Structures are given as C-alpha cells and as structure tokens.
There are 2 protein chains.
Amino acid sequence: MNIQEIQLKSRPEGMPTADNFVLAKGSISPIKQGEFLVKNLWMSVDPYMRGRMIDRKSYIAPFQIGKVLEGGAIGEVIESLNPAFSIGSKVSSMLGWRSHFVSDGAEITILPNTPISESHFLGVLGMPGMTAWTGLNRIAQLTAGETLFVSAASGAVGSVVAQIGKLMGARVVASVGSDEKAQYLTSLGVDAVINYKTCGDLDAALGHAAPEGIDVYFENVGGEHLSAALNHMKDHGRIAVCGMIAQYNDTAPTPGPSNLAQIIIKKLKIEGFIVFEHWDHYPQFAAQMGQWLAEGKVQAEQTIYEGLENAPDAFIGLFEGKNRGKMVVKLA
Amino acid sequence: MNIQEIQLKSRPEGMPTADNFVLAKGSISPIKQGEFLVKNLWMSVDPYMRGRMIDRKSYIAPFQIGKVLEGGAIGEVIESLNPAFSIGSKVSSMLGWRSHFVSDGAEITILPNTPISESHFLGVLGMPGMTAWTGLNRIAQLTAGETLFVSAASGAVGSVVAQIGKLMGARVVASVGSDEKAQYLTSLGVDAVINYKTCGDLDAALGHAAPEGIDVYFENVGGEHLSAALNHMKDHGRIAVCGMIAQYNDTAPTPGPSNLAQIIIKKLKIEGFIVFEHWDHYPQFAAQMGQWLAEGKVQAEQTIYEGLENAPDAFIGLFEGKNRGKMVVKLA
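Residues numbered from 1 in each chain as written. Chains lettered and ligands numbered in written order. Predicted model: local features only at pLDDT ≥ 70, side-chain atom pairs only at ≥ 80, totals over all residues. Heavy atoms only, no water.

With an unreviewed UniProt entry as reference, chain A is termed Alcohol dehydrogenase zinc-binding domain protein, source organism Shewanella pealeana.

Put into structure tokens, the structure is as follows:
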C-alpha cells in the first residue's frame, strides 16, 4: 500500500527550515505472519530531535539524510497477523513522522484503556511527563518546602515540572518567554513567573522571585538561565540538567556561564540525565500521573498541528516558542 | 610580648602583589588562667585564600583590610596555664600569618606524636591531603580500573590526588604546567602526563592520553581544562569540583566552556565540595594516609619559603606555579 513519510533532506545549519525536510511517498508490502499494520494517529515533535539531526556521537544515533525521521507516535492497528496486536489496538512506538508502518511487535507498546486521550501518551503520560517526574524525583530529589526553579516552563516538560513541583509541596518559580505563557503558568498555580524576554535583567528578576534562593533548578534552557540560577542557588542546591534548548541551533560555540565557580562556593550538585535510562520506573510514574490526571490535579495542555505535511512546521515551532504544553501533530 | 603578623593592606585586583600585604608589629598580653601561648613554626598558603581576599559572601568570611590574615598553621606551646596544652605540645590551628598567638584551646588540635615532620599536617596529612581523599572517595567515588584525570597535578592537592588515584587502582592522567613538574608526576607513577603549556591543543592531548575516555575528573583549574575534560568524559562520568585556580585572579568575567551540553549527552554528575564539611571523616583519612606514608607509598613533596616576611611571596607564587607539592612557610 502507499504511505507518506517525512525524510531528512539536509542537516539544518542553525534554526531548521522547511527546506531541511521532504514529504515523500512510499509503499509497504503486505503484512506477513506475525506482523501487523499500524496507522499513525498522532506523532510527537520534541526539542531533542534537533540533536539527532547533527551527525555526531550521542546517546542516540543521528538521523540519516534521505531516510525517514523517527520519534514518538501513537497509532491504531488496522491489519494484523499477530494475535498479540489485535485490530483496533492503540499502540505507542518510536516510529513517528510516517503515516503507517508494519511491525512484528518489537519495541511497540499497547496502550492501556483509559478515558484519557491517547495523544497524552506522547506528553504528560509519555516521555516528557516521565522526564519531568524523573528529574524531580530521581535526579534532584526535590522535597516539600524547597524552592524549585524551572525554565522553559510552558513547554511539554517544563509545564509538568511546574505542576509536579507544586504537588510535591515546593515553592515553584517558572521562567517563560511571553506574557500569555506567564498567565498559563499562573493558572497552573506556580508561585512566581518570570517573562525572561521582558524582565530586563534575568538575574535580578530571579533574585526577586526567589529571595531566599533556589534548592532545585530544573534546567531546560542553558546560557543566561543557567548563569542566573547559579547565582541564586542555595548551598547544596541541585541542578537536574534535562536540556539546553537555547543552544540547540547555535552555529558557533556559545560560551558558557562565567560563574561556574559557584559550583564550589555553594557545593552544588549538577547532573545530566536521559529519561530512557530510567524507563524501568515508568510504571511507578504512570500510576502516579494517571491518578493526578483523574483527580484533575495536573493539566495536560497540548498544541496541535494537523497533518503529516505540517510536522516540520510543528518541529520548527518548538524553537520559536509556538507551543504551550506538548506540541503534537494529528495525523488522522 | 612583641609579635609579628601579616595584614591585608588592600584587596588584590587580579594577581596579588606584595603591595596588598603589610608586615605589622603588635603585642599580646600575658596569658591568663586557662590560656596558653603558641609560637608558630609553620604556616600554610593555599589558593582558596585568594577567594577570602574578595569582599563577597562565600562559605567562609572574607578577610578584612587592616586585619591579620588567617590560615592553617603548626606551632608549639611555649607558655601554658591550661593543663590540656602543656609546654612543648605541637598544635594545629587556623591562626597562621603571625608569629605567635594566645588561645584558650578553642579550635586548636594537638598533633599526635609521629615520626613525620609536623609541617605535613599542613599538606598531605592536613587540609590538602584530606581534600584529595574526600574528592576521590566521597564525591567522585573512584573505583579500581577507572581512568582518573587530575589538573594542577603537581600542587598540594593534585599531587596527592594522583597518588591516591594510583593506590586506588585507577589509570591516572595528570596535567601540569612545566616539564619539570611533568617529570615529578612521572616519578609518582602516573600513567600519562600533559604539559598544558606546551602540548598545543589540550583537548587533543587529553584525547591522546585517555583514548578510552575519563571516568573521573578531579577539577582544580576550570576554563580550558574543564572544556577538554567534558569532551573526553565517558558516559556517567563524575567531576569532583575542588577549585578553578585559572579564574581566581580574573578581573573580568571569563566565559565558561561552550560544551556544557555534554553534561546531558553523557549524563555527567558534577559536584562541588568544601573539605571542611567532610571533616568528621578526618580520622578515617588520617589512619589511611598515615599508613601510606609509613609504607612509603605516598611522597609528601613540599616547597618551603623561610620567614613570615616571605609569606606573601609564597602565596603569590601559588598562582605563578612556583610550588611543587605543598607550599609552606617556615616561621622559626
């Protein structure tokens, strides 16, 4: 049958553009015994994918030019010769950026039956939500009464960090890039919000928002945000380093903060993490998050683009601050 | 009686100079009941003292202009009205930079009787040695078979880090600033030495010296050393941040490394520490180090300046790379 997929046409230099992507037509063979056919319903675009567009050694292999891209997706089984994957099953895979795929079941997860829209398994119940939970619980070990600072706080990860932070009993300070996003964060119940684009001096604004200092910084941005956080960390503060989106599109090396000596002065602990290494804790996370969602304690905001052909725009939009909550693409 | 002391005359801007210090004469009153008089025999100069010359909030109060400096010292009790501190006792204090002092015993430690020169309680058996041991054991948790990189490796801390690293079964790569120091490190048994001043490209030299990557980096320098280490850390590597001497005399902010995203890519753990917070483990350290010294397994190198009046030169010499091993001043 005929399918559609988005391929990497060229490696972006700096900010990705539409020219770096191509919508290609292809075909897939009829399924064989043990296989099944999935029609993708939703696919995820995430900042980490920018790193995979660079040809370098990292924790995950780089995308190849002329090949289909990959990423989280939710689909429905529409043909099956595998009894474990019956027609109508909703499945989660890392085979996004395409309309259909054939699988033998390897690395495919059947979604549970829940009243929650299956698209949230790409967001608050998926990789971004699990990233937020892992960074706070397993890396930074946030405790009640502490002050948490989170950057890129309106994003898929940040917005969940802010909400889990509140649920864990922390005072939460959030940084975002627009007044509209600031209002969104306020609606989520955070204690102080900084619009880093209009606040003037981020360092001073953070000092004002966290006058007694920061116990935990959930780092999504890097650069000026890291520098300001270092200045306002408390002694023995912890920094969970999830991302540095400010640098993902840099074409030349951008110097780091000049105040790294704060690491010594304040005896800070800084730890980078990749959520996939913590995936054995997913059931624990999912049970907790499922309960929070059922109780209405976590808001699962999404920004939805429609159509596979608009997936590149959705991806580029991540770096233009166009999403509030999780950015997803609805395929069918 | 008349005494001599070194006072801070002015706060250094950039590299300290002799003009920042003044040798002053003073007097102290006769001892009262419960007190004793100590004649200092040795005093320590250490890089961390540069930080105390800046008027800022830190883990230790800044030095005050016109007041005597402070730091580790070893002295002998020469008068006593305190039965716990008998005449002839050797004592360790934080009351260096002066010829004599009177004490009631608070924060004064009587040294054990050992065949080891008492000056080593300022070095390999004192704060620098304990710093090396703490960073490797309690912060980075180095294990046998791992690769350890240490910068400023000929210094009071670095030379002990290199030796403990070998005793713990690690492969040790050391960075120093002269060929003579490189020979010294080779004599200590390290596996590879880099002279960062002559190697050309430090990053390439480190890659050559540690082709399979670094498990633990003991950070004493900052700047280019940190950048190179980040590039060559293994996944899940640990960086124990003890000092950043390259920046202590900066008069303007020096940008940090541009490759901090390696913290995420390699899931690194970076931790700053101050040895004083770990002092409850001193007995464990001292027992181990005392044994190593007795067995000739650790070499306790010293660079000795003579006379209190030369203490400022000794201190300035730390930043000019004039010491090999521990820099101490012999007072009497």
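After that view, the rundown keeps rolling.
Draft legend 1. Up close: the overall build of chain A. Of regular secondary structure, chain A possesses nine helices and 15 strands. Against the compact-globule benchmark of 20 Å for 332 residues, chain A has a radius of gyration of 20 Å, which places it among compact chains. Along the longest, intermediate and shortest principal axes, the C-alpha atoms of chain A span 65 × 45 × 35 Å. The buried share of chain A, reckoned over its 332 residues, is 56%. At a minimum sequence separation of 6, the contacts of chain A that also span at least 24 residues come to 67%. When the accessible surface of chain A is split by element, carbon and sulfur atoms take 49% of a total near 13600 Å². Positive and negative side-chain charges of chain A, numbering 27 and 33 respectively, have mean locations separated by a distance of 1 Å. (Helix = DSSP H or I, 4+ residues; strand = E, 2+ residues; numbered from the N terminus. Rg over C-alpha atoms; globule rule 2.2 N^0.38 Å. Buried < 20%, exposed > 50% of the residue type's maximum accessible area, 1.4 Å probe, protein only. Contact = heavy atoms within 4.5 Å. Areas by Shrake-Rupley, 256 points an atom, 1.4 Å probe, with all protein chains shown as cover. Lys, Arg positive; Asp, Glu negative; His and termini not counted. Charge placed at Lys NZ, Arg CZ, Asp CG, Glu CD.)

Draft legend 2. Quick look at the sheet that holds strand β10 (residues 192-195) of chain A. Across the sheet, 12 strands lie side by side as β10(A)-β9(A)-β8(A)-β11(A)-β12(A)-β13(A)-β13(B)-β12(B)-β11(B)-β8(B)-β9(B)-β10(B); this open sheet has mixed pairing. Strand pairing shows two members of the sheet lacking a second neighbour, β10 of chain A together with β10 (192-195) of chain B, which therefore form its edges. Here the strands of the sheet are splayed against their neighbours by 15° on average, with no regard to which way each runs. The pairing of strand β9 (residues 171-176) of chain A with β10(A) spans four bridges and is classified as parallel. The partner of Val176(A) across the bridge, within β10(A), is Asn195(A). (Pairing = 2+ DSSP bridges. Axes fitted to C-alpha atoms, helices over the stretch in contact; angles between N-to-C directions.)

Draft legend 3. Quick peek at the packing of helix α2 (residues 127-139) of chain B against helix α8 (residues 282-294) of chain B. Residues and elements named next belong to chain B. Between α2 and α8, whose axes approach to 10 Å, the crossing angle comes to 100°. Classified by the interaxial angle, the pair formed by α2 and α8 is roughly perpendicular. Between α2 and α8, the residues in contact are Gly129, Met130 and Trp133 and Tyr282, Gln284 and Phe285, respectively. Of the residues contributing to the contact of α2 with α8, the split by class is four nonpolar, two polar and no charged. (Parallel < 35°, antiparallel > 145°, perpendicular 65-115°, else oblique. Nonpolar A, V, L, I, M, F, W, Y, C, P; charged D, E, K, R; others polar.)

Draft legend 4. How the structure looks around helix α2 (residues 127-139) of chain A. Residue and element names in this part refer to chain A. Compared with the 18 Å implied by 1.5 Å per residue over 13 residues, the 16 Å span of α2 between its first and last C-alpha is markedly short. In terms of residue burial, α2 counts as a mostly covered element, since 11 of its 13 residues are buried. For α2, the complete set of buried residues consists of Met127, Pro128, Gly129, Met130, Thr131, Ala132, Trp133, Thr134, Gly135, Leu136 and Ile139. (Expected span 1.5 Å × (residues − 1).)

Draft legend 5. Local environment of the interface of chain B and chain A. Facing 31 residues of chain B, the contacting portion of chain A comprises 30 residues. Counting the surface chain B buries against chain A, the share from its top three residues, Ile264(B), Ile265(B) and Lys267(B), is 23%. Taken together, the links from chain B to chain A amount to two salt bridges. Two residues, Lys267(B) and Glu277(A), come together in a salt bridge whose shortest N-O distance is 2.9 Å. At the boundary of chain B and chain A, one finds 10 residue pairs in polar contact (both at pLDDT 80 or more). Mapped onto the side of chain B that touches chain A, the elements with two or more residues apiece are β12 (233-241), α7 (262-265) and β13 (269-272) of chain B. Per-element accounting of the side of chain B that touches chain A gives the leading share, four residues, to β13(B). (Buried area = accessible area lost by both parts, 1.4 Å probe. Salt bridge = Lys/Arg side-chain N within 4 Å of Asp/Glu carboxyl O. Polar contact = N/O pair within 3.5 Å; in protein donor to acceptor, adjacent residues only side chain to side chain.)

Draft legend 6. Quick look at the relation of the copies chain B and chain A. Structural alignment of chain B on chain A gives an RMSD of 0.0 Å, achieved by rotating through 180° and translating 0.0 Å along the axis. Such a combination of rotation and displacement between the chain copies is what one expects of a two-fold axis. Identified as the residue of chain B closest to the rotation axis by C-alpha distance is Gly256(B), at 2.0 Å. When the interface residues of chain B are mapped onto chain A, 97% of them again lie at the interface, so the same face is used by both copies. (Least-squares fit on C-alpha atoms with pLDDT ≥ 70 in both.)

Draft legend 7. Spotlight on the UniProt feature "domain: Enoyl reductase (ER)" (unreviewed entry) in chain A. Taking the numbering used here, the UniProt-annotated feature "domain: Enoyl reductase (ER)" (unreviewed entry) corresponds to residues 17-329 of chain A. Here residues 17-329 of chain A is 26% helix and 24% strand, with 17 Å between the C-alpha atoms at its ends. (UniProt positions renumbered as here; feature names shortened; annotations may be inferred.)

Draft legend 8. Structural detail: the environment of Glu79(A). Assignment of secondary structure puts Glu79(A) in strand β4 (residues 73-80). Setting aside chain neighbours within four positions, we find Glu79(A) in contact with Ile31(A), Phe36(A), Leu37(A) and Ile87(A).

Draft legend 9. Here's a closer look at a nonpolar patch on the surface. Taken together, the side chains of Met94(A), Phe276(A) and Trp279(A) define a hydrophobic patch exposed on the protein surface, amounting to about 250 Å² of accessible area. Mapped onto the elements of the fold, Trp279(A) is located in the loop between β13 (269-272) and α8 (282-294). (Patch = residues over 30% accessible without salt bridge, like charges linked within 9 Å, V, L, I, M, F, W, Y side chains within 5 Å.)

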